[in-house]
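# A look at the structure
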Amino acid sequence: MVFPGMGPTAFADIERFATEVPLAWRLFAEADEALGYPVLDRFRRADGDYSEYAQVAFLVTCLALAEWAEQEALPARPGLCTGPSFGGKVAAAYVGSLGFADAVWMTARLAQCVADYFSREHQSLVTHSFVRVNPEVAEEMLGELTARGRVADVACRVDKDFYMVTLSADDLPGLEKGIRAAGGLSLYTMRPPMHSPAFARLRERAEKEVLNELEFAEPRLPVISDHDGSPLTTGEQVRNLLLDGFVRQMHWPGTVEALRARGVRTVCVAGPDSLFGRVPATRRHFEVVPVGPKRPLLVGAARDAEPRSSRGGESGAERGSAAG
C-alpha cells in the first residue's frame, strides 16, 4: 500500500467522494469530532493548496480509499506499506501506530506548527522541482551553489532525473537557467519549502509541541522508509520517520528498490495522486493499482445492489501539480 505525497487536490472531488461513499462519510464525521470543526466546510473556504483543512481532508481521503480498496478492489490485504513525504502521516495511521483521531489531530497541529514556523523563519527559501536533467549535471549545478555557501538541498528524488530542490528564491533564476541549458524542464515552485537539514529547529518544535503528546504503537505491518528504504517495525521508528521528514530527503527510487527487494510486484496507490503511481520509477517495476476519489464512486454507489463477487476495479490518479 502506497500513500502518495500531497499535491493540490480539487475540493469538488473529495466532497463528492465523502458524500457518496459511506465509509468516507463516516471517517470525515470522525475527523470532525476529533477536531471540533467541520473539515470539509473549512476546506471549501480555505485559501491555498496546503491549508490545515486541505491536509486533514487529504489524510482522511487516503485512509478511506485504502479501506475501500481492501474491501472492493484488492485480492488480499497488503503486506507492506510506505508513504512518501506527506504520505508518511497516512501510513502511520494505516498501520495502527496512531489511532485515527490521533492522526487527524497530529496532521492539523503539524500544519499549524509549520505555517507559524515559516511565517517567521526561512522566508526566502522555496522548493523547486524539475525533470529531464542528467543526475551528474544536476549534482554539479547544486554543488556550485553549496560551494558559495548557499542552501541547495535535494528535498526529493522522485525519479532518476526528477528532482525537488530547496534553495533561496534569489538563486532560483540561475538554477532555472542551468536547467534549461541542460535540456531540462522546470515544473513548479513550492512555498513553504520542505525536507532540508536547515529545518532542524522545525523538527525540534514539531516534536516538542505535537509528537510528544502522542503514543506510537508497534505497526501491524512493516513501513518502508521513504528516506533510506529501511523497514520500520516499532512505534518509535515510525515516530522518527515523521520527524525526520522535516530534515531528510525523500528518495522514491530507493524506496522502490527496497520494496522490490522484499518481493513486492504490485502496489496500490491510495489517494489523490498525479505523481508516485505514474513516474517511470514506479511503472517500470510494479503493476500499479491506482485508487483515487473518482472511480470508487461508481462502485461504491452501487455496491448495495451488486453481489460481492462482481465488485472491483481501479481508478485513475487524480490531477495535481505538486507533492509534499
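Residues numbered from 1 in each chain as written. Predicted model: local features only at pLDDT ≥ 70, side-chain atom pairs only at ≥ 80, totals over all residues. Heavy atoms only, no water.

In this section: the overall build of the chain. Across its full length, the chain holds 13 helices and nine strands. Over its C-alpha atoms the chain spans a radius of gyration of 19 Å, differing by no more than 12% from the 20 Å that the globule rule assigns to 324 residues. Over its C-alpha atoms, taken along the principal directions, the chain stretches across nearly 65 × 40 × 35 Å. A total of 324 residues make up the chain; the buried ones form 56% of that total. (Helix = DSSP H or I, 4+ residues; strand = E, 2+ residues; numbered from the N terminus. Rg over C-alpha atoms; globule rule 2.2 N^0.38 Å. Buried < 20%, exposed > 50% of the residue type's maximum accessible area, 1.4 Å probe, protein only.)

Taken as a whole and assessed by the stated rule, the structure comprises eight aromatic pairs. Relative to F199, the ring of F118 has its centre 5.1 Å away and its plane inclined at 85°; by these criteria the two rings are edge-to-face. Taken together, the residues F118 in helix α6 (residues 100–120) and F199 in the loop between β4 (185–190) and α9 (200–209) connect sequence positions 81 residues apart. The same class applies to F118 as to F199, namely buried. A ring pair is formed by F130 and Y163, whose centres lie 5.5 Å apart and whose planes are at 10°; its orientation type is stacked. (Phe/Tyr/Trp six-rings, centres within 6.5 Å; stacked < 30°, edge-to-face > 60°.)

Bringing the domain arrangement of the chain into the picture now. Here the domain parsing of the chain yields domain 1 (11–120 + 197–300) and domain 2 (125–190). Buried area between domain 1 and domain 2, summed over both chains or domains, comes out near 1,000 Å², and the portion from carbon and sulfur atoms is 66%. Sorting the residues of domain 1 by area buried against domain 2 places Q249, M250 and L275 first, and these three jointly supply 37% of that buried surface. Remark: the boundary between domain 1 and domain 2 carries one salt bridge. Among the ionic pairs, R284 bridges to D159, the shortest N-O distance being 3.8 Å. Here domain 1 is connected to domain 2 by four residue pairs in polar contact (both at pLDDT 80 or more). Mapped onto the side of domain 1 that touches domain 2, the elements with two or more residues apiece are β7 (250–251), α11 (252–261) and α12 (280–283). Here the residues of the side of domain 1 that touches domain 2 sort into twelve nonpolar, two polar and two charged. (Domains from an automatic or database assignment. Buried area = accessible area lost by both parts, 1.4 Å probe. Salt bridge = Lys/Arg side-chain N within 4 Å of Asp/Glu carboxyl O. Polar contact = N/O pair within 3.5 Å; in protein donor to acceptor, adjacent residues only side chain to side chain. Nonpolar A, V, L, I, M, F, W, Y, C, P; charged D, E, K, R; others polar.)

A few words now on helix α7 (residues 135–147). An α-helix turns once every 3.6 residues. As a result, residues three or four positions apart point the same way. Spanning 13 residues, α7 covers 18 Å between terminal C-alpha atoms, matching the ideal 18 Å at 1.5 Å per step. Among the residues making up α7, those that are buried are P135, A138, M141, L142 and L145. Buried residues of α7, seen end-on, are gathered within an arc of 130° and therefore sit on one face of the element. Turned more than 90 degrees away from the buried face of α7, the exposed residues are E136, E140 and A147. Buried residues along α7 sit against β1 (125–131), β2 (152–159), β3 (162–168) and α8 (172–181). A side-chain oxygen of the first residue of α7 lies 2.8 Å from the backbone nitrogen of E136; this N-cap is N134. Positive backbone phi, at 80°, marks G149, one or two positions downstream of α7. (Expected span 1.5 Å × (residues − 1). Arc of directions from axis to C-beta. Contact = heavy atoms within 4.5 Å.)

So, about the sheet that holds β7. The strand order across the open sheet built from five strands is β4-β1-β3-β2-β7, with neighbouring strands paired in mixed fashion. Every other strand in the sheet has two partners, leaving β4 and β7 as the edge strands with one partner each. Bridge count for β1 against β3 is seven bridges, and the pairing is antiparallel. Bridged to F130 within β3 is Y163. Sheet strands in contact with α8 are β1, β3 and β4, and its direction is about 5° off that of β1. (Pairing = 2+ DSSP bridges. Axes fitted to C-alpha atoms, helices over the stretch in contact; angles between N-to-C directions.)

What follows is about the packing of α9 against helix α10 (residues 235–244). Where α9 contacts α10, the two axes come as close as 9 Å, and the packing angle between them is 135°. As judged from the angle between their axes, α9 and α10 are oblique. Between α9 and α10, the contacting residues are R203, A206 and E207 on the first element and R239, N240, L243 and D244 on the second. The residue makeup of the contact of α9 with α10, split by class, is two nonpolar, one polar and four charged. (Parallel < 35°, antiparallel > 145°, perpendicular 65-115°, else oblique.)

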